[in-house]
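Here are the chains, one letter per residue:
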Amino acid sequence: MMRVAALLALIALAILIATAAHLDGATATMFSLAGMPALAAALGLYVIHRWRMGAFRRNSRASNS
Amino acid sequence: MTPAPAGPLFISPPVEPVVDWPRVLPVLVALPAVAILAWGLVRGRLPPAAGVAGLVLPIAAYGLGMLMLMEDSKDVRFCGSCHVMTPIVESMHATDDSSLAAIHYSRGLVPTAEACFTCHSGYGIWGTVGAKRAGVMHMLRSLTGRYHLPLELNGTFDINSCLGCHAGAATFRAVAAHQDPDVQQALLSHAVTCTGACHPAAHPEEALTGGKAPS
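This structure is a prediction, so every number in the text was calculated from the model and none was measured.

### Comments concerning the overall build of chain A
Across its full length, chain A holds two helices and zero strands. Among the 65 residues that make up chain A, the fraction classed as buried is 45%. Carbon and sulfur atoms provide 64% of the accessible area of chain A, an area that totals close to 3,500 Å².

Next up, the structure:
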């Protein structure tokens, strides 16, 4: 799950860099309709991963892996 | 068409920044995030500090990217980069007073770099928000092909965009038709618009049909 989250975040960042390098209608559409959902999905997966590892329990000793 | 005269005097805005920070900052923040996430992708886990950085940096990069997009998408070149808008932006360069947009653009009556945004957004922060919301809908329509030619304005044009500049102008106030109370009431109630009866169309019909002659 951690690898999928990292991959989605990397895709989102690649779209961001492409948008900054050449801003036009196509890259802006990619940024808004593909990059942002990919980043949101990555963050969601990361939070679920951390939750399953017990990070949000009281006195949790879960690792950050 | 005669070639446009060149030279630093004709560049707007006249002083270009050495570093385009709105475009550079998101990349500067994104690059360390890419390194951390690539590390996480290979190893399948991250140390605590790197995990926090891998979470915060992409969010910060996207926040800066959104600011960049908000600002740079006001540019006329951005508006004209979608195929359906290209003929409209090209038609603004006409010098024959064939459309209101061409009159304003070719005479420098609106900031030439942000001409589309100047007339198609309201005033204040909510005007900008409304224009950006409309821009997202344009993206969706372009992506799904759900637009129809000839292009038509969604709703009525907000003449406050015109009055923001013209209402206080002596030449505007001096026109007898503008002083007529009935005309004023009709304009402010959106019963009539500036274009059509009195002033030329905002954009030529050919441009609204995608550059083809109207049938």
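Resuming the write-up.
### A look at the interface of chain A and chain B
Each side of the interface is counted separately: chain A has 30 residues, and chain B has 37 residues. Both faces considered, chain A and chain B share a buried interface measuring about 2,800 Å² in area, 81% of it formed by carbon and sulfur atoms. Between chain A and chain B we count zero salt bridges in total. The tally of links between chain A and chain B comes to five residue pairs in polar contact (both at pLDDT 80 or more).

### Topic: the packing of helix α1 (residues 2-21) of chain A against helix α2 (residues 25-52) of chain A
All names here are of chain A. With their axes 8 Å apart at the nearest point, α1 and α2 run at an angle of 155° to one another. As judged from the angle between their axes, α1 and α2 are roughly antiparallel. Here α1 runs over α2; the crossing is left-handed. Contacts between α1 and α2 pair Met2, Val4, Ala5, Leu8, Ala9, Ala12, Ile15, Leu16, Ala18 and Thr19 from the former with Thr27, Met30, Phe31, Ala34, Gly35, Ala38, Leu39, Ala41, Ala42, Leu45, Tyr46 and His49 from the latter. Looking at the contact of α1 with α2 residue by residue, the class counts come to 18 nonpolar, four polar and no charged.

### Re helix α11 (residues 181-188) of chain B
Residues lying three or four places apart along an α-helix face the same way, a consequence of the helix completing one turn every 3.6 residues. Where α11(B) begins, one side-chain oxygen reaches toward the backbone nitrogen of B:Asp182, 2.8 Å away; that side chain belongs to B:Asp180. Once α11(B) finishes, B:His190 follows within two positions and takes phi at roughly 65°, a positive value.

### Brief notes about empty space enclosed by the protein
To find the voids left in a structure, one rolls a probe of water-molecule size over its atoms. According to the stated counting rule, one finds one cavity of 30 Å³ or more in the structure shown. If you add up the space inside the largest cavity, you get close to 140 Å³. Lining the largest cavity are 15 residues, with A:Ala5, A:Ala6, A:Tyr46, B:Leu37 and B:Gly54 sitting closest to its centre. Secondary-structure elements contributing two or more residues to the lining of the largest cavity are α1 and α2 of chain A together with α1 (21-43) and α2 (48-72) of chain B. Tallied by class, the residues present in the lining of the largest cavity amount to twelve nonpolar, three polar and no charged.

### Examining the environment of B:Arg23
Structurally, B:Arg23 can be placed in helix α1. For B:Arg23, the contacting residues outside a window of four places in its chain are A:Ala20, A:Ala21, A:His22, A:Leu23, B:Met68 and B:Asp72. Here A:Ala20 takes part through its backbone oxygen, which lies 3.4 Å from a polar atom of the side chain of B:Arg23. Here the side chain of B:Arg23 touches B:Asp72 through a polar contact of 2.9 Å, side chain to side chain.

### Regarding the pattern of salt bridges
All names here are of chain B. One pass over the structure, following the stated rule, counts five salt bridges over all chains. Salt-bridge contacts for Arg107 lead to Asp97; the nearest nitrogen and oxygen are separated by 2.6 Å. Taken as a pair, Arg107 in the loop between α5 (100-106) and α6 (115-120) and Asp97 in the loop between α4 (86-91) and α5 lie far apart in primary sequence, ten residues in all. The structure contains a network of salt bridges with shared partners spanning Asp20, Arg23 and Asp72.

### Some remarks on the packing of α1(A) against α2(B)
Between α1(A) and α2(B), the least distance of the axes is 11 Å, while the angle of their chain directions is 30°. Here α2(B) runs roughly parallel to α1(A), going by the angle between their axes. Relative to α2(B), α1(A) is oriented so that their crossing is left-handed. Residues A:Ala12, A:Leu13, A:Ile15, A:Leu16, A:Thr19 and A:Ala20 of α1(A) pack against B:Pro58, B:Ala61, B:Tyr62, B:Gly65, B:Met68 and B:Leu69 of α2(B).

### So, α1(B)
With 23 residues, α1(B) extends 33 Å from end C-alpha to end C-alpha; this agrees with the ideal 33 Å at 1.5 Å per step. Three or more residues of α1(B) are buried, namely B:Pro26, B:Val29, B:Ala30, B:Ala33, B:Ile36, B:Leu37 and B:Gly40. Residues of α1(B) that are buried in the fold lie against α1 of chain A together with α2 of chain B. The first or second residue beyond α1(B) is B:Gly44, which carries a positive phi of 80°.

### Regarding the nonpolar core
By size, the foremost hydrophobic cluster in this structure holds 22 residues, and its most contacted members are A:Leu13, A:Leu16, A:Ala28, A:Phe31, B:Leu37, B:Ala61 and B:Tyr62. Among the secondary structure elements, those contributing two or more residues to this core are α1 and α2 of chain A together with α1 and α2 of chain B. Looking at this core, the element that brings in the most residues is α1(A), giving seven residues. Ignoring anything within four residues of it in the chain, the contact list for B:Tyr62 reads A:Ala12, A:Leu13, A:Ile15, A:Leu16, A:Phe31, A:Gly35, A:Met36 and A:Leu39.

Conventions adopted
Residues numbered from 1 in each chain as written. Chains lettered and ligands numbered in written order. Predicted model: local features only at pLDDT ≥ 70, side-chain atom pairs only at ≥ 80, totals over all residues. Heavy atoms only, no water. Helix = DSSP H or I, 4+ residues; strand = E, 2+ residues; numbered from the N terminus. Buried < 20%, exposed > 50% of the residue type's maximum accessible area, 1.4 Å probe, protein only. Areas by Shrake-Rupley, 256 points an atom, 1.4 Å probe, with all protein chains shown as cover. Contact = heavy atoms within 4.5 Å. Buried area = accessible area lost by both parts, 1.4 Å probe. Salt bridge = Lys/Arg side-chain N within 4 Å of Asp/Glu carboxyl O. Polar contact = N/O pair within 3.5 Å; in protein donor to acceptor, adjacent residues only side chain to side chain. Axes fitted to C-alpha atoms, helices over the stretch in contact; angles between N-to-C directions. Parallel < 35°, antiparallel > 145°, perpendicular 65-115°, else oblique. Left-handed = near helix turned anticlockwise from the far one by under 90°. Nonpolar A, V, L, I, M, F, W, Y, C, P; charged D, E, K, R; others polar. 1 Å grid on protein atoms, 1.4 Å probe; cavity = no way out; pocket = protein on both sides within 12 Å on 5 of 7 lines; lining within 4 Å. Points joined across faces, edges and corners; volume = space filled by probe spheres on them. Expected span 1.5 Å × (residues − 1). Core = buried A, V, L, I, M, F, W, Y, C linked by side-chain atoms within 4.5 Å.

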